[in-house]
Amino acid sequence: MSNSVLLAIDGSAGGERALQYAMERAKLGGAKLIVAYVIEWSQYSFNTPEENAERHKRREQEIKRATETIVDPAAKVLKAADIDCQTVVTHGPPAETLIKLANKYEVAQIVIGRRGQSGIKALLFGSVAGNLIQTSPVPVVVVP
Amino acid sequence: MIRFFAAAFALVMLALPAHAGFDEAINAATAPIASAVGAFVFFKIPVLGAQLPLVVLWLVIGAVFFTFYMGFVNVRGFKHAIQLVRGDYADPESPGEVSHFQALATAVSGTVGIGNIGGVAVAVTIGGAGATFWLIVAGFLGMSTKFVECTLGVKYRQENPDGSVSGGPMYYMKKGFEERGMEGFGKFMGTFYAIGIFVGALGIGNMFQSNQAYVQLNTVAGGALDGLGWLVGLILAAVVFMVIIGGIKSIARVTEKIVPFMAVFYCVFAIIVILMNFTSIPAAIGNIFAGAFTGAGVQGGAIGALIIGFQRAVFSNEAGIGSASIAHAAVRTPEPVTEGYVSLLEPFIDTIVICTITALVIGTSQVADPNFAGDATGVAMTSAAFERQIGWFPIPLAFGALLFAFSTMISWSYYGLKGWTYLFGEGQMGQTIYKLMFCAFVALGCMVQLGPILDISDALVFLICVPNILGLYFLAPIVKREMVSYMARLDSGEIKKYNH
């Protein structure tokens, strides 16, 4: 059984709480954290020609922004606490991509923050945490 | 040509303080220009009693040649095209780039326009039911032409210093010929094409679209907009202006997302109408086949039907025009030929599926009641065919026509702009001039009768296929080499399918 945990963050307060939770657990159990940020993207979207022409450039900007403003600061906090961690920033449908990452890094658990969306919004778009719980191959901890 | 634009532009500007009779004045002014341009491009030769425009022959020969030369890639590559669009071969290590599906969807929404609704009606009116058969054949052969041009579009696209990409015939001419040691010729061809596309964008992707959107709106309004083409035109132009000059991209994004659903909605209702006319289906299909080979009642007989079918098909699916390769060029793939495969689905969806459905809606209505549409042609005829069975349908059809027209105009403004920047560079001033001209033509389209617009648009469109197809002949061996090598690696298992 691997001793690594996939921590999904999104720059929200829920993600911040998930980070705190995962950090405490990692300290206790000496686990390695895989810090992941998934930029929501679908290969089946409809775009204007201009959006497509600039996609490559935008993709790099999106990755840079997510890395610099969300993932790197989180990794800094973890390193300061002496926790072994690795970061991933990638595009994709969030829940599906997190599961792929969980498989790829053979993690024992996924930790994710709760977004706390309103009823209708959650009904229409679903929630990442909700989807994860339904489909994840490993236990999922949803931090409220 | 520049004088032609200047005159047209001035006319549109004059429209501001216009009155109801203004549309007529515009009509009178443009009709001679249209027929002169048309006569030049559509130089006709008499064949078996029909007048065959040279340029149509040019397209047919091109499409037949590419179909044979590529070993019927339009049939043999079909399954692989679908696998690619599904993302079966997408590299899981680089998500977030333009996918095959996205490039196809963007190109399709540029091609699926009013041609699919109104253009087919024009074909059936002039070429009889048999034109439908040739329309489908043209769509089928056009798949091979698309394959060639879109592969080249990706292979020779240009990566700009700012990280964006520009592609299309002007780039594959320039770079492709350079590679073959014909640098000067490549430059000439690239320039030729770039002029063709930026001028051509004002017809097929602009005036024809706004014209037919106006016609359908007027039909729904029961003729209340008669003589108010200038007003509708100015409103449409203003919306296009907001998007392409005002930078309000959200309008374009929303349109882009609604159009695919509208297309599905249109097809579903078209099929319902066909089924409601079900007793007429066998006769309608019989007419298509009979007309294709006998040309009963059509001027020029079977050849006449063939000419019309091919003309309308190209107008609708743009195979041979090279425009779609500009949109397809944005895809990220290490194998340019994959985008060629994907692109062959475009004439399939556009012509073989959507145009055929429209043709059957009209055809079955004609069997049931030969005079169902009265004198109406174009989109008004299609609308009448729907109305026979579903009384309220012209209203959503008008909305759909507006959206189709709009998305096609946005795509073509981009295609035209790419031609413009290829020639005159990325200067903001020049781009704005082009965009203003584009908006002016949107307005103009609503003021002119369908006839002259079709003449101008057809002429401009076919003008672009001359350099494009000529270039494709020279560059086709490169595409064939890529295709053979790719297929070999696919068969040997070197190119793997990723399991998703």
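Reference entry: report on the structure contained in this document. (Residues numbered from 1 in each chain as written. Chains lettered and ligands numbered in written order. Predicted model: local features only at pLDDT ≥ 70, side-chain atom pairs only at ≥ 80, totals over all residues.)

Attention shifts here to the overall build of chain A. Across its full length, chain A carries six helices and five strands. Expected size for 144 residues packed as a compact globule is a radius of gyration near 15 Å; at 16 Å, chain A falls within 12% of this value. On the principal axes, the C-alpha backbone points of chain A span a range of 50 × 30 × 25 Å. Out of the 144 residues in chain A, the part that is buried amounts to 38%. Pairs at least 24 residues apart make up 80% of the contacts formed inside chain A by residues separated by at least 6 positions. (Helix = DSSP H or I, 4+ residues; strand = E, 2+ residues; numbered from the N terminus. Rg over C-alpha atoms; globule rule 2.2 N^0.38 Å. Buried ≥ 20, exposed ≤ 12 C-beta atoms within 10 Å, placed from the backbone. Contact = placed C-beta atoms within 7 Å.)

Helix and strand counts for chain B come out as 22 helices and four strands. Its C-alpha atoms give chain B principal-axis dimensions of roughly 60 × 55 × 50 Å. Counting only residues that meet the buried cut, chain B has 59% of its 500 residues in that class. For chain B, long-range pairs separated by at least 24 residues make up 81% of all intrachain contacts whose partners lie at least 6 apart in sequence.

Residues and elements named next belong to chain B. In this fold, Leu-52 is placed in strand β2 (residues 50–53). Its 19 C-beta neighbours within 10 Å are what place Leu-52 among the partly exposed residues. Along the chain, Leu-52 and Leu-306 lie 254 residues apart, while their C-alpha atoms are 9.5 Å from each other. Setting aside chain neighbours within four positions, we find Leu-52 in contact with Lys-44, Ile-45, Val-47, Leu-57, Ile-303 and Ile-307.

With that settled, the discussion passes to the interface of chain A and chain B. By a widely used convention, the size of an interface equals the accessible area lost when the partners come together. With 21 residues of chain A at the contact, the number on the chain B side is 30 residues. Put simply, the parts of the chain that give the side of chain A that touches chain B at least two residues each are α2 (49–53), α3 (55–80) and β3 (85–92) of chain A. Per-element accounting of the side of chain A that touches chain B gives the leading share, five residues, to α3(A). When the residues that make up the side of chain A that touches chain B are grouped by side-chain class, the tally is six nonpolar, nine polar and six charged. (Nonpolar A, V, L, I, M, F, W, Y, C, P; charged D, E, K, R; others polar.)

Let us look at the packing of helix α12 (residues 229–244) of chain B against helix α13 (residues 249–276) of chain B. Residues and elements named next belong to chain B. Packing of α12 against α13 brings their axes to within 6 Å, and their N-to-C directions diverge by 105°. Overall, the two elements α12 and α13 adopt an arrangement that is roughly perpendicular. Facing Val-239, Met-242 and Val-243 of α12, the residues of α13 in contact are Lys-249, Ile-251 and Ala-252. Class assignment for the residues of the contact of α12 with α13 results in five nonpolar, no polar and one charged. (Axes fitted to C-alpha atoms, helices over the stretch in contact; angles between N-to-C directions. Parallel < 35°, antiparallel > 145°, perpendicular 65-115°, else oblique.)

Now for the environment of B:Phe278. Relative to the helices and strands, B:Phe278 resides in the loop between α13 and α14 (281–294). Residue class for B:Phe278 comes out exposed when judged on the 9 C-beta atoms lying within 10 Å of it.

Residue and element names in this part refer to chain B. In the contact formed by helix α9 (residues 169–179) and helix α10 (residues 183–200), the axes pass within 7 Å of each other and the chain directions differ by 175°. With respect to α10, the axis of α9 lies roughly antiparallel. Counting all contacts with α9, which are made through Pro-169, Met-170, Met-173, Lys-174, Gly-176, Phe-177 and Glu-178, the residues of α10 involved are Glu-183, Phe-185, Gly-186, Lys-187, Met-189, Gly-190, Tyr-193 and Ala-194. Looking at the contact of α9 with α10, its residues break down into eight nonpolar, three polar and four charged.

Residues and elements named next belong to chain A. The sheet contact formed by strand β1 (residues 4–8) and strand β2 (residues 32–40) spans five bridges and is parallel. Paired with Leu-6 across the strands is Ile-34, a residue of β2. Handedness of the crossover is the feature at issue here: the chain leaves β1, passes through helix α1 (residues 13–29), returns alongside β2, and the resulting connection is right-handed. As judged from the eight bridges shared by β2 and β3, these two strands associate in the parallel manner. Its bridge partner lying in β3, Val-38 is registered against Thr-90. (Pairing = 2+ DSSP bridges. Right-handed = clockwise from strand over helix to strand, strands pointing away.)

The values are spatial; any link to function lies outside them.
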